[in-house]
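# Remarks on the overall topology
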Amino acid sequence: MYDLKADPGETRDLAAERPEIRDEMLRHWDDYAATHNVTIPDVSPICRPAN
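Let me sum up the structure you'll find in this document. (Residues numbered from 1 in each chain as written. Predicted model: local features only at pLDDT ≥ 70, side-chain atom pairs only at ≥ 80, totals over all residues. Heavy atoms only, no water.)

### A closer look at the environment of Ile46
We count it as follows: A helix here means a DSSP run of H or I that spans at least four residues, while a strand means a run of E at least two residues long, and both kinds are numbered starting from the N terminus.
As for its placement among the helices and strands, Ile46 is situated in the segment after helix 1 (19–35). In this structure, the C-alpha to C-alpha distance between Ile46 and Asp13, residues 33 residues apart in sequence, is 27 Å.

### A look at the environment of Ala34
Selection rule: For the exposure calls, accessible area comes from a 1.4 Å probe over protein chains only, and a residue counts as buried if that area is under 20% of its type's maximum, exposed if over 50%, partly exposed in between.
Positionally, Ala34 belongs in helix 1. Residue class for Ala34 comes out exposed when judged on its relative accessible area of 57%. C-alpha separation for the pair Ala34 and Ala16, spaced 18 residues apart in sequence, amounts to 25 Å.

### A few points about the pattern of salt bridges
Basically, it comes down to this: Salt bridge, as used here, is a side-chain nitrogen of Lys or Arg placed within 4 Å of a carboxyl oxygen of Asp or Glu.
Counted according to the given criterion, the structure contains three salt bridges. Here Glu20 makes a salt bridge to Arg18, at a shortest N to O gap of 2.9 Å. Here Glu20 falls in the partly exposed class, since its relative accessible area comes to 43%.

Remember that the coordinates give geometry; whether it matters functionally is a separate question.
Take a look at the structure:
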C-alpha cells in the first residue's frame with residue numbers, strides 16, 4: 001500500500017503503519033472477489049518456474 005502522491009516510485013509500503021486502511025481495502029477486495037466470482041490460481045498460467 002503506497003502513497004502515490006508522496007512516493008510515486010512505490011518505495012515505502014505503508015500497510016504496517018496504516019492497518020485500518022489496509023484492512024478496509026482487503027474487505028473491499030474480498031467483497032468484490034465474492035460478488036464477481038474472481039478465481040486466483042495457485043500457479044500463474046503464464047509464468048512457469050525454470051527447470
